[in-house]
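Residues per chain are reported as follows:
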Amino acid sequence: SIWDVYRLHKGKVIGVLLGLAFGLFTIFFGFWKALFLSVCVIIGYYIGKRIDESEDFKSLLEKLWKRT
């Protein structure tokens, strides 16, 4: 079944789907808009992952915008 393929080849399936999505976004919106959308999705994923790991959102923002 499709779930067996997904479990055995999770990374490949996700990579193909991400590549397909980026290709479609590039066709419909253009390269730079698709790239901007991809960067926004990656940032959103990173923030969501940190929140899921019970990291305090305020401390996460402080880490991201920390002045040196």
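Overview of the structure.

How each quantity is defined
- Within any chain, residue numbers begin from 1 and follow the written order of that chain's sequence.
- Per-residue local features are limited, in this predicted model, to residues with pLDDT of at least 70; the limit for side-chain atom pairs, both in listing and counting, is 80 or more; totals at the level of whole chains, interfaces and linings are taken over all residues.
- Side-chain numbers here rest on the full set of heavy atoms in the structure, without hydrogens or water.
- The rule is short: rings of Phe, Tyr and Trp, with Trp giving its six-membered ring, pair when the centres are within 6.5 Å, and they are stacked under 30 degrees, edge-to-face over 60, tilted in between.
- To qualify as a helix, a DSSP run of H or I must reach at least 4 residues; to qualify as a strand, a run of E must reach at least 2; elements of each kind are numbered from the N terminus.
- For the exposure calls, accessible area comes from a 1.4 Å probe over protein chains only, and a residue counts as buried if that area is under 20% of its type's maximum, exposed if over 50%, partly exposed in between.
- Axis lines are fitted to C-alpha atoms, over the contacting stretch for helices. Their N-to-C directions set the angle, which ranges from 0 to 180 degrees.
- Any angle from 65 to 115 degrees is called roughly perpendicular, while one under 35 is roughly parallel, one over 145 is roughly antiparallel, and all others are oblique.
- For a crossing to be left-handed, the near helix must be turned anticlockwise from the far one by less than a right angle; the clockwise case is right-handed.
- The contact definition used throughout considers only heavy atoms, calling two residues in contact when any of these lie within 4.5 Å.
- One side-chain nitrogen of Lys or Arg within 4 Å of one carboxyl oxygen of Asp or Glu is enough to make a salt bridge.
- Exposure above 30% relative accessible area and the lack of any salt bridge qualify a residue for a patch; like charges then connect within 9 Å, and the nonpolar side chains Val, Leu, Ile, Met, Phe, Trp and Tyr within 5 Å.
- Reported accessibility uses the Shrake-Rupley method at a 1.4 Å probe radius. Residues are deemed covered only where the shown protein chains occlude them.

**Looking at the packing of aromatic side chains**
Next up, step 1: Enumeration according to the criterion identifies four aromatic pairs in this entry.
Next up, step 2: On the basis of an interplanar angle of 85° and a centroid distance of 6.2 Å, the ring pair of W3 and Y6 is categorised as edge-to-face. In this pair, W3 and Y6 are both assigned in helix α1 (residues 2-8), three residues apart and thus about one turn of the helix distant.
Next up, step 3: Given a relative accessible area of 62%, W3 falls into the exposed group.
Next up, step 4: Between F22 and F31, the aromatic rings sit 6.2 Å apart at their centres with planes inclined by 90°, giving edge-to-face as the arrangement.
Next up, step 5: The exposure class assigned to F22 is partly exposed, which follows from its relative accessible area of 27%.
Next up, step 6: What links up through ring pairs into an aromatic cluster is the set F22, F31 and W32.

**As for the packing of helix α2 (residues 10-29) against helix α3 (residues 31-52)**
Next up, step 1: With their axes 7 Å apart at the nearest point, α2 and α3 run at an angle of 135° to one another. Here α3 runs oblique to α2, going by the angle between their axes. As α2 runs across α3, the sense of the crossing is right-handed. For the pair formed by α2 and α3, the contact residues are F22, F25, T26 and F29 on the first element and F31, K33, A34, L35, L37 and S38 on the second.

**Remarks on the pattern of salt bridges**
Next up, step 1: For the structure on display, the rule yields two salt bridges.
Next up, step 2: The partner of D4 in a salt bridge is R7, and the shortest N-O contact between them spans 2.4 Å. Here the residue D4 and the residue R7 both occupy positions in helix α1, the gap between them amounting to three residues, near one helical turn.
Next up, step 3: Exposure remark for D4: the relative accessible area of 33% places this residue in the partly exposed category.

**Details of a nonpolar patch on the surface**
Next up, step 1: A cluster of nonpolar side chains, namely L17, L20, L24, F25, I27, F28, F29, L37 and V41, defines an oily patch on the protein surface of about 900 Å² accessible area.
Next up, step 2: Within the residue set of the nonpolar patch, elements represented by two or more residues are α2 and α3.
Next up, step 3: In terms of residue count, the dominant contributor to the nonpolar patch is α2 (seven residues).
Next up, step 4: Structurally, L17 is set in helix α2.
Next up, step 5: For L17, a relative accessible area of 51% translates into the label exposed.

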